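Below, each chain spelled out in residue letters.
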Amino acid sequence: MSTRAASGDRRADHITEAFDSGAMSVELFGEDFDWSRFSASVERELVFLDIETCGLGDTLIFLVGILRYRPGEPLRFESVFAADPSREPELVDRVAARLGEVDRWVSFNGACFDLPRLRKRALRHGVAFPEFRTHVDLLHEVRRRWKRDLPNCRLSTVERRLLGLERGPFDVPGSEVPGRYWDWVTTGRSELIEPIREHNRRDVLAMIALLHRLAGEGLLIE
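Everything numeric in this text was worked out from a predicted model, so none of it was measured. What you see as residue numbers is a count from 1 along each chain, following the sequence as written. With pLDDT at 70 or above as the cut-off, local features in this predicted model cover only qualifying residues; side-chain atom pairs require 80 or more to be listed or tallied, and sums for whole chains, interfaces and linings still use all residues. Each side-chain value is worked out from all heavy atoms of the structure, with water and hydrogens disregarded.

Student: How should I be thinking about the pattern of salt bridges in this particular structure?
Tutor: Salt bridges are identified by distance alone: a Lys or Arg side-chain nitrogen within 4 Å of an Asp or Glu carboxyl oxygen. According to the stated counting rule, one finds 25 salt bridges in the structure shown. Notably, a salt bridge pairs Asp 171 with Arg 167, separated by 3.3 Å at the nearest N-O pair. Under the relative-accessibility criterion, Asp 171 is labelled partly exposed at 27%. Only protein chains enter the calculation, and the probe is 1.4 Å; a residue is then buried if its accessible area is under 20% of its type maximum, exposed if over 50%, and partly exposed in between. Exposure remark for Arg 167: the relative accessible area of 18% places this residue in the buried category. A network of salt bridges, in which partner residues are shared, links Glu 45, Arg 68, Arg 70, Glu 73, Glu 78, Arg 94, Arg 98 and Glu 101.

Student: Explain the packing of aromatic side chains here, please?
Tutor: Each aromatic ring pair is characterised by the separation of its centres together with the angle its planes make. Working definition: a ring pair exists when centres of Phe, Tyr or Trp rings (six-membered ring for Trp) sit within 6.5 Å. Plane angles under 30 degrees give stacked, over 60 give edge-to-face, the rest tilted. Scanning the model with the defined rule gives 14 aromatic pairs in all. Ring centres 6.5 Å apart and planes at 40° place the aromatic pair Phe 33 and Trp 35 in the tilted group. Taken together, a centroid distance of 6.4 Å and an interplanar angle of 80° make the contact between Phe 62 and Phe 81 edge-to-face. Note that Phe 62 is positioned in strand S4 (residues 61-69) and Phe 81 in strand S5 (residues 75-81), a separation of 19 residues in sequence. Each member of the pair, Phe 62 as well as Phe 81, is classed as buried. Here the aromatic residues Phe 19, Phe 29, Phe 33, Trp 35, Phe 38 and Tyr 69 are joined through ring pairs into a cluster of three or more. The way it works is that DSSP assigns letters per residue, a run of H or I at least four long becomes a helix, a run of E at least two long becomes a strand, and they are numbered from the N terminus.

Student: Explain the side chain of Asp 137 to me, please; I cannot follow it from the model alone.
Tutor: Residue placement: Asp 137 occurs in strand S7 (residues 134-137). When charges are counted, Lys and Arg are positive and Asp and Glu negative, with His and the chain ends excluded. At 7.2 Å, Arg 143 is the nearest oppositely charged side chain to Asp 137, a buried residue that forms no salt bridge. Throughout this description, a polar contact denotes any pair of N or O atoms lying within 3.5 Å of each other; where both atoms belong to protein, one of them has to be capable of donating a hydrogen while the other can accept it, and for residues adjacent in sequence the pair is counted only when both atoms sit in side chains. Polar contacts involving the side chain of Asp 137 include one to the main-chain amide nitrogen of Asn 109, which spans 2.8 Å. When near neighbours in sequence (up to four residues on either side) are disregarded, Asp 137 contacts Ser 107, Phe 108, Asn 109, Gly 110 and Ala 111. Two residues qualify as a contact provided that any one of their heavy atoms is within 4.5 Å of a heavy atom in the partner residue.

Student: Explain empty space enclosed by the protein here, please?
Tutor: Only protein atoms enter the 1 Å grid, on which a cavity is a set of points fitting a 1.4 Å probe that cannot get out and a pocket is an open set with protein on both sides within 12 Å along at least 5 of 7 lines, lining residues being those with an atom within 4 Å of a point. Grid points are joined across faces, edges and corners, and a volume is the space filled by probe spheres set on the points. For the structure on display, the rule yields one cavity of 30 Å³ or more. Its volume calculated, the largest cavity comes out at about 50 Å³. Every residue lining the largest cavity is listed: Glu 27, Leu 28, Glu 159, Leu 165, Glu 166, Arg 202, Leu 205 and Ala 206. At the level of elements, helix H1 (26-29) and helix H8 (190-216) are the ones that each hand at least two residues to the lining of the largest cavity. Looking at the lining of the largest cavity, the element that brings in the most residues is H8, giving three residues. Split into classes, the residues belonging to the lining of the largest cavity amount to four nonpolar, no polar and four charged. Under the grouping applied here, Gly and all other residues not named as nonpolar or charged are polar, the nonpolar ones being Ala, Val, Leu, Ile, Met, Phe, Trp, Tyr, Cys and Pro and the charged ones Asp, Glu, Lys and Arg.

Student: Please explain the packing of helix H7 (residues 177-187) against H8 as it appears in this structure.
Tutor: When two helices pack together, their arrangement is captured by the angle between the axes and the distance separating the axes. Running from amino to carboxyl end, H7 crosses H8 at an angle of 140°, the nearest separation of the two axes being 8 Å. When the axis of H7 is compared with that of H8, the two are oblique. Like other packed secondary-structure pairs, H7 and H8 cross with a definite hand, here left-handed. Facing Val 177, Arg 180, Tyr 181, Asp 183, Trp 184 and Thr 187 of H7, the residues of H8 in contact are Ser 190, Glu 191, Leu 192, Ile 193, Pro 195 and Ile 196. For helices, the fitted axis covers only the stretch in contact; all axes are lines through C-alpha atoms, and the angles between them, taken along N-to-C directions, range from 0 to 180 degrees. Angle categories: roughly parallel below 35 degrees, roughly antiparallel above 145, roughly perpendicular from 65 to 115, and oblique for all the rest. With the far helix as reference, a near helix turned anticlockwise by less than a right angle produces a left-handed crossing, and one turned clockwise produces a right-handed crossing.

Student: Explanation requested: helix H6 (residues 155-163) in the structure shown.
Tutor: Residues three or four positions apart in an α-helix share a direction because the helix packs 3.6 residues into each turn. Regarding H6, the residues found buried are Leu 155, Thr 157, Val 158, Glu 159, Leu 162 and Leu 163. Looking at the buried positions of H6, the neighbouring elements they touch are helix H5 (138-146) and H8. Backbone geometry just downstream of H6 places Gly 164 in the positive-phi region, at approximately 70°.

Student: Honestly, the side chain of Thr 53 in this entry has me stumped. Any pointers?
Tutor: Summarising the element assignment, Thr 53 is placed in strand S3 (residues 46-53). Here the side chain of Thr 53 touches Gly 55 through a polar contact of 2.8 Å, landing on its backbone oxygen. The residues touching Thr 53, leaving out its near neighbours within four places in the chain, are Thr 59, Leu 60, Ile 61, Phe 62, Phe 113, Val 177 and Pro 178.

Student: What am I meant to see in the layout of surface pockets here?
Tutor: Gaps between atoms show up when a probe of the same size as a water molecule is rolled over them. Put simply, the largest pocket is a space of about 680 Å³. Contributing to the lining of the largest pocket are 25 residues, with Asp 50, Glu 52, Gly 174, His 199 and Asp 203 lying nearest its centre. For the lining of the largest pocket, the secondary structure elements donating two or more residues are S3, helix H4 (110-125), H6, H7 and H8. Top contributing element to the lining of the largest pocket by residue count: S3, with four residues. Here the residues of the lining of the largest pocket are counted per class, giving 11 nonpolar, six polar and eight charged.

Here it is in structure tokens:
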């Protein structure tokens, strides 16, 4: 079961959600996800992250999904959203604070994409950005184990082929994300931004399902 809380204001900057360890949705985590086995094999506190931007390079970050894992506690997901570009410094500051609470980070292609962009935007806005003790980039782990068995190593492919997860026909293609955000800024139409929020949410939740699979393959996080 999950619980959600958010301000009703269009400028609300975050939604929080908790996933009870006793009721993990098959739709989101896959049929093979076993919370007790996962918590027994992953004993470190972790934070998972994924960002949505307005393009490649040093461009605006408008949405960050953060999932916090503490052994024995429910998963805590937070969606941090800049309702207009002027809110990006606040977003980056909040994300930096969350990452600073945990020094073991997990991402998918974060070494090349998410973390360099967060650091650049933090520098631009004068926000102190924390350092990690350990960063597990799941893309690298997938390539090591399954590159020859998969047509590509995109997260959507990994979800289908390794985790048995399907996004469905309403998932937002990455090419549409920047345009949808700028249209949202102009119009405030929720149907533009909510599919991006859900896309980001599913990206982050897929990471813990993937880490569950990798832990079964012998991956250890120091």
